[in-house]
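The primary structure of each chain is shown beneath.
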Amino acid sequence: MRNLFTCLLALFTLSFTAYGQQSRVSGKVTDALTSSGIPGVTVMVRGSTTATQTDAAGNYTIEAANSDTLVFRSLGFAMQEIPIAGRTTIDVVLEDEGTELEEVVVVGYGTQRQRDLTTAVTTVRADDIAKTPTATAMQSLQGRVAGVQIVSDGAPGASPTVRLRGIGSFEGNAAPLYVVDGMFFDNIDFLNPNDIETISVLKDASASAIYGVRAGNGVVLIETKSGAYNKPGEIVYDAYYGIQNPQNVLKMANAQQFVRYINETGSAADIALIQNAIQRYGRSRIDPNIPDVNTDWYNEIMSPAPIQNHNLSFNGGGENTRYSIGGSYFNQEGLLDLQRNNYRRLNFRVKVDSKVKDWLNVGGNFNVSTARQYNGENTAWFRSYFAVPILPVYDDGNANATPVKYANAQQIGYRGSQNPFYPLEYIDNRNHVAKLLGNFHAEINVWENKIKLRTQYNYGLSFVNTRRVDFEYHDGVTQHQSAIRRQNTADYDQVWDNFLTYDDNFGKHNLNVVLGQSYRSEYSELLFARGTAISPAPSRAAEQYWYLQNATDFDLNQIGDADGGTLNANLQFLSFFGRAAYNYDDRYLLYGTFRRDGNNKFQKTWGNFATIGAGWVLSEEDFFDVEGIDFLKFRASWGQLGNDAISPSVGLPTVQENNGAIDGTRVIGRRLNPTFDLITQWETTVEKNFGLDAQFLNNRLSLEADYFIRDTRNLAVTIVPPVFASAERRSVGEIRNQGLELNLNWRDNLSEDFSYNIGGNIATLKNRVLGLGGADALNAGSAEFRQRSIIGQPYQAFYGYEVTGVFDNAQQIENTYNADFISQRGLVPGDLIFKDQNGDGIIDDRDRVVLGSYLPDFTWGGNLGFRYKKLEFAALLQGQLGYHILNRKRGEMIFTNDTNIDADLATNLWTEERGSSKNYPSASGLRRPWNQVMSTYFVEEGSYFRLQNVRLSYSFLGKEINGVTWPETRVTLTAERPLTVFKYNGFNPEVANGVDREVYPIPAIYTLGVTIKL
């Protein structure tokens, strides 16, 4: 065995030695613009100290191994890395460093040069995507793309909320359309971020319109990684392991603060509950007036949790075929203790392209994802906020509690059990998700690389199996029976595209035309049921009983076999589209698209969506000679697109069945219901975009600017007709989003060893409701916490009274409102002061105003970084300003007041001695209806500043040592969200819909990663 091991080791070493054999490589480096040789270009072997420079004519010679990669660098030119791959002569053409303008970006059904764009497109590449340790790739865009709002979610495996340029629908899905290698998706949570090559965000209507009726909320194009032709095979292992740490944990009132608050309420009943706790749990030795219990519930239910990712890929290609094969494993544990609360995902992918003939390219892409998600019971967060601190986690005196003796607040007089460990211990909620994307394409070179015909077929399968198990238990007061709810959802989607591309130039004229046809079908199935009183009783140790066949009773209202009530079970789409892009002498640009969409979802079967754009590259004009400006382009576009992500309608009056009694006999009758929903068509967005692109100071400084006006019409709105009191849906609404987006970046190479970059982006957003079918406003939210869409105001703005202070004495009350009103309301010191908007001496509905919107007025991001030899540093900052959050947790006082309150409220409640510095009412005032109406007491500023990402990496090896070529290795330290600064009284200021009743905390993540390339 020892001899065998020695032989294998020798063979392994010889193979590496052969692979790393030295040879002499020579060639010439020329300028792409002048075709002349470039002197002084540094040519070095990547990962080593071996280097040389080109002579006066641009020639070079260097010693390197066949497996090495040469790096060509020269100030003012874009760096190039070229694998030697056994060659002895390598000629290189260097392009000006500003050639990011020459980069090809992905657009709908094709590509364009960056400099030729007349639309607003932003591309994020693989290196930036990989910087964020997360399950979902869209999280990596937070702070990187102007005009794109990313709202994080801390739950394991949860996707962030993504909004492009605001909200343009009252009921439709506000998420963009995701196109992954040609296939349509509502989200990309199944993708491994390491498998993505680029994410291109088509922000304006002109860029998105070629996708027609699905593009109303913008389009995100995803290109997965491919291999490369004529590239030796490469093996890459990439992994990280880290810790998620709860941050900005909300401080709740401790036992002493809680007892003081209860005493200040003056409520004899609640004071008696304190005494009950003292009798049951004993007196504190520190303060005999409080129970000997001081539970910090948030500290009890959560702790730091690990996160890890492993990715292995094989990439390369020969003269006619390229390939990329990979697999990955991702595991994210949740912050919740005790309960299974994690997300695990396995991904496998294969992508192959082959030049079968000179005139035929074919390829395929297969991506399969399977994930198991254990959902943390959000009720635990809700209960932890309200559970009183004088209740312990366990209570040995709770003799009837089984199987665990958790404490129950009902046993000391409270109305609910409060203890969050009941849902954590006795509920198991899981999702098993399997998704598959299959793609096949063939491209025929019809005529001299000028006319190409491409056909591509995509098939997507999605299966979601959800199971919730409620275990049987006794909380000491009530026996809770077991239950199981199962739901299976299956989606079968396909897209078949066929399009012809013509690309040619005639002297100074350049023309690109695309004509195509697309067919899409979406079919879904849903099956669900709920059973109770499971026998044998389910437990965590006996999953074999977690099936509906063991239920002894069924909830008939929770059994169904349907499409979910959306009428979207079987949708068919047929589309015809075209695009033309014209470029004259790299100065004058014209762009236009047209798409005709037809489907079976609405009464209106067909719709037309068109766009037009123009650009002027002023810097290419002969008369333009401005020092310091290297490139300057003005562009403008107009586009129209649709949103069909709304529920359709019957569109006709309906006949309803009614039961009645005549002479004691039951009679079944029917009546005509004259009210009915009428949604005849998709919602339509019309957008104007004006932009500027510029490069300054030898292309070191770049600027992108866009101003847009985005009007969405035919919005589905629920209205109440004047004759009939029943609500109806009609396509009558209109919303406008408008704003300015700026992106400014500076980069420079101070030497061959040191380069740096700094940049930032900002975006403004003004969201307004323009039409509601004749109505002045449309209500949303609950009656107690009203949100309202008002003409001229933001969508679903918070609506209520403006608090200007707290009454300190009776004289102040008498000076504020009229005497009759004060007497009717029984106002006392410690009550909130509401602004009398119309000055009539009373507070009524006419004094309610808009209190803010959950859509930010201003978003921004900043980045900086440097590279010194093999050391790289990068940091990303981001934030949002001018938006508000409804602190719905505090509003629970309206429905039940025998709960805890947060520490900030407990510390700053109004008292006669100290007044109130935060416009908080008195302890007793919290329980009076006057102070419980919707007002700025509940609506808080949500603005925040965040250090989003800090990354430090160092590369080593990747060179030959003692005749053996060692793999290139990079070690990376990353801190994700290590610091967030905000004033909002909650875990975090990111709340998707602006209403914070129970939000999963967003942790800071610290990881150590390694990348090894062979």
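Residues numbered from 1 in each chain as written. Predicted model: local features only at pLDDT ≥ 70, side-chain atom pairs only at ≥ 80, totals over all residues. Heavy atoms only, no water.

A closer look at the overall build of the chain
Step number 1: Helix and strand counts for the chain come out as 11 helices and 55 strands.
Step number 2: For a compact globule of 1014 residues, the expected C-alpha radius of gyration is about 31 Å, and the chain comes in at 33 Å, within 12% of that figure.
Step number 3: Expressed along its principal axes, the backbone C-alpha trace of the chain runs to roughly 95 × 75 × 65 Å.
Step number 4: Taking all 1014 residues of the chain together, 52% fall into the buried category.
Step number 5: A fraction of 69% describes how many contacts in the chain between residues 6 or more apart in sequence connect residues 24 or more apart.
Step number 6: With the model as given, the accessible surface of the chain reaches about 43,700 Å², and the carbon-plus-sulfur share is 54%. (Helix = DSSP H or I, 4+ residues; strand = E, 2+ residues; numbered from the N terminus. Rg over C-alpha atoms; globule rule 2.2 N^0.38 Å. Buried < 20%, exposed > 50% of the residue type's maximum accessible area, 1.4 Å probe, protein only. Contact = heavy atoms within 4.5 Å. Areas by Shrake-Rupley, 256 points an atom, 1.4 Å probe, with all protein chains shown as cover.)

Section: the packing of aromatic side chains
Step number 1: Counted by the stated rule, this structure contains 42 aromatic pairs.
Step number 2: Arranged with centres 6.3 Å apart and planes meeting at 55°, the rings of Phe 258 and Tyr 261 form a pair that is tilted. Of this pair, Phe 258 and Tyr 261 are both found in helix α4 (residues 255–265), 3 residues apart, which corresponds to roughly one turn of the helix. For the pair Phe 258 and Tyr 261, a shared accessibility class is recorded, and that class is buried.
Step number 3: Joined through ring pairs, the aromatic side chains of Tyr 394, Tyr 406, Phe 421, Tyr 422, Tyr 426 and Tyr 473 make up one cluster.
Step number 4: Its end group placed over the ring of Trp 447, Lys 450 keeps NZ or CZ at 5.2 Å from the ring centre. (Phe/Tyr/Trp six-rings, centres within 6.5 Å; stacked < 30°, edge-to-face > 60°. Lys NZ or Arg CZ within 6 Å of the ring centre and 35° of its normal.)

What to know about the confidence of the model for the chain
Step number 1: On average, residues of the chain carry a pLDDT of 88, and 92% of them reach 70 or more.
Step number 2: Taken together, the stretch residues 1–20 has pLDDT below 50 and engages in 11 contacts with residues farther than four places along the chain or on a different chain. (pLDDT = per-residue confidence, 0-100.)

Remarks on the sheet that holds strand β3 (residues 51–53)
Step number 1: One open sheet holds the 4 strands; their spatial order is β3-β2-β5-β6, and the pairing between them is antiparallel. Single-partner strands in this sheet number two, and they are β3 and β6 (80–83). Averaged over neighbouring strand pairs, the angle between their axes works out to 20° when direction is ignored.
Step number 2: Sheet analysis places strand β2 (residues 42–45) next to β3, joined by 3 bridges and oriented antiparallel. Looking at the pairing, Val 43 lines up with Thr 52 of β3. (Pairing = 2+ DSSP bridges. Axes fitted to C-alpha atoms, helices over the stretch in contact; angles between N-to-C directions.)

Focus on the side chain of Ser 575
Step number 1: Of note, Ser 575 is situated in strand β30 (residues 570–584).
Step number 2: By relative accessible area, which is 3% here, Ser 575 ends up buried.
Step number 3: Non-local contacts of Ser 575, meaning those with residues more than four positions away in its chain, are made with Gly 516, Gln 517, Ser 518, Arg 595, Arg 596 and Asp 597.

Details of the side chain of Ser 943
Step number 1: The topology assignment puts Ser 943 in the loop between β50 (939–941) and β51 (944–957).
Step number 2: What Ser 943 contacts, discounting residues up to four positions off in sequence, is Gln 880, Leu 881, Gly 882, Tyr 883, Val 981, Phe 982 and Lys 983.

Re the pairing of strand β36 (residues 683–696)
Within a regular beta strand, the side chains point alternately toward one face of the sheet and then the other, so they alternate between its two faces.
Step number 1: Most of β36 sits out of view: 10 of its 14 residues are buried.
Step number 2: Here strand β33 (residues 629–643) runs beside β36; their pairing, made up of 14 bridges, is antiparallel. Note on β36: the bridge partner recorded for Leu 641 is Thr 685.
Step number 3: Bridging between β36 and strand β37 (residues 701–719) involves 13 bridges; their strand directions are antiparallel. Among the inter-strand pairings, Glu 687 is bridged to a residue of β37, identified as Arg 710.

Notes on unusual backbone geometry
Step number 1: Omega for the peptide link from Thr 402 to Pro 403 comes to 0°, which places this bond in the cis form.
Step number 2: Within the element layout of this structure, Pro 403 appears in the loop between α7 (379–386) and α8 (421–426).
Step number 3: With omega at 0°, the peptide bond leading from Ser 535 into Pro 536 counts as cis.
Step number 4: Residue placement: Pro 536 occurs in the loop between β27 (509–534) and β28 (551–554).
Step number 5: Even without glycine at this site, Leu 697 takes up a positive phi of about 50°.
Step number 6: By the secondary structure assignment, Leu 697 is in the loop between β36 and β37.
Step number 7: What makes Leu 697 partly exposed here is its relative accessible area of 38%.
Step number 8: Positive phi is not limited to glycine here, since Lys 869 has a value of about 55°.

So, the sheet that holds strand β43 (residues 797–800)
Step number 1: If you walk across this open sheet you meet the 4 strands as β41-β42-β43-β46, and the pairing is antiparallel. The outermost strands of the open sheet, each flanked by one partner alone, are β41 (777–781) and β46 (849–852). Looking at each pair of strands side by side, their axes are set apart by 50° on average, direction ignored.

Here's the deal with the packing of α4 against helix α5 (residues 268–281)
Step number 1: Where α4 meets α5, the closest approach of the two axes is 8 Å, and the angle between their N-to-C directions is 150°. On the basis of their axis angle, the class for α4 and α5 is roughly antiparallel. Between α4 and α5 the crossing geometry is left-handed. Contact residues: Phe 258, Val 259, Ile 262 and Asn 263 in α4; Asp 270, Ile 271 and Ile 274 in α5.
Step number 2: Residue composition of the contact of α4 with α5, grouped by class: 5 nonpolar, 1 polar and 1 charged. (Parallel < 35°, antiparallel > 145°, perpendicular 65-115°, else oblique. Left-handed = near helix turned anticlockwise from the far one by under 90°. Nonpolar A, V, L, I, M, F, W, Y, C, P; charged D, E, K, R; others polar.)

Describing the environment of Leu 590
Step number 1: With respect to the helices and strands, Leu 590 occurs in strand β31 (residues 588–599).
Step number 2: On the basis of relative accessible area, Leu 590 is assigned to the partly exposed category, the value being 47%.
Step number 3: Taking the C-alpha atoms as reference points, Leu 590 and Leu 957, separated by 367 residues in sequence, lie 49 Å from one another.
Step number 4: Those residues within four positions of Leu 590 in sequence are excluded, and the remaining contacts are Ala 580, Ala 581, Tyr 582, Gly 613 and Ala 614.

Remarks on the environment of Arg 383
Step number 1: On the secondary structure map, Arg 383 appears in helix α7.
Step number 2: Judged by its relative accessible area of 24%, Arg 383 falls in the partly exposed class.
Step number 3: Remark: the alpha-carbon pair of Arg 383 and Arg 280, spanning 103 residues in sequence, is separated by 21 Å.

Regarding α7
Step number 1: Of all 8 residues in α7, 6 are buried; the element is thus mostly enclosed.
Step number 2: Along α7, the residues that are buried comprise Ala 380, Trp 381, Phe 382, Ser 384, Tyr 385 and Phe 386.
Step number 3: On its buried face, α7 sits against α6 (297–301) and α8.

Quick notes on the pattern of salt bridges
Step number 1: Counting across every chain of the model gives 53 salt bridges.
Step number 2: Lys 351 is paired through a salt bridge with Asp 181; the nearest N and O atoms lie 3.7 Å apart. Taken as a pair, Lys 351 in strand β20 (residues 342–357) and Asp 181 in the loop between β13 (177–180) and β14 (183–185) lie far apart in primary sequence, 170 residues in all.
Step number 3: For Lys 351, a relative accessible area of 10% translates into the label buried.
Step number 4: Asp 181 sits in the buried class, given a relative accessible area of 10%. (Salt bridge = Lys/Arg side-chain N within 4 Å of Asp/Glu carboxyl O.)

Re the nonpolar core
Step number 1: Grouped together as the largest cluster of nonpolar side chains are 94 residues, with contacts concentrated most on Phe 170, Tyr 261, Tyr 298, Ile 390, Tyr 414 and Tyr 817.
Step number 2: The next biggest cluster of nonpolar side chains, apart from the first, holds 24 residues, and it includes Ile 129, Leu 141, Ile 199 and Val 220. (Core = buried A, V, L, I, M, F, W, Y, C linked by side-chain atoms within 4.5 Å.)

What to know about a nonpolar patch on the surface
Step number 1: On the surface, Ile 235, Tyr 237, Leu 312, Phe 314, Ile 325, Val 350, Val 352, Phe 366 and Leu 1014 cluster together to form a nonpolar patch covering roughly 680 Å² of accessible area.
Step number 2: Those elements that provide at least two residues to the nonpolar patch are β17 (231–245), β18 (305–317) and β20.
Step number 3: Structurally, the position occupied by Phe 366 is in strand β21 (residues 360–374). (Patch = residues over 30% accessible without salt bridge, like charges linked within 9 Å, V, L, I, M, F, W, Y side chains within 5 Å.)

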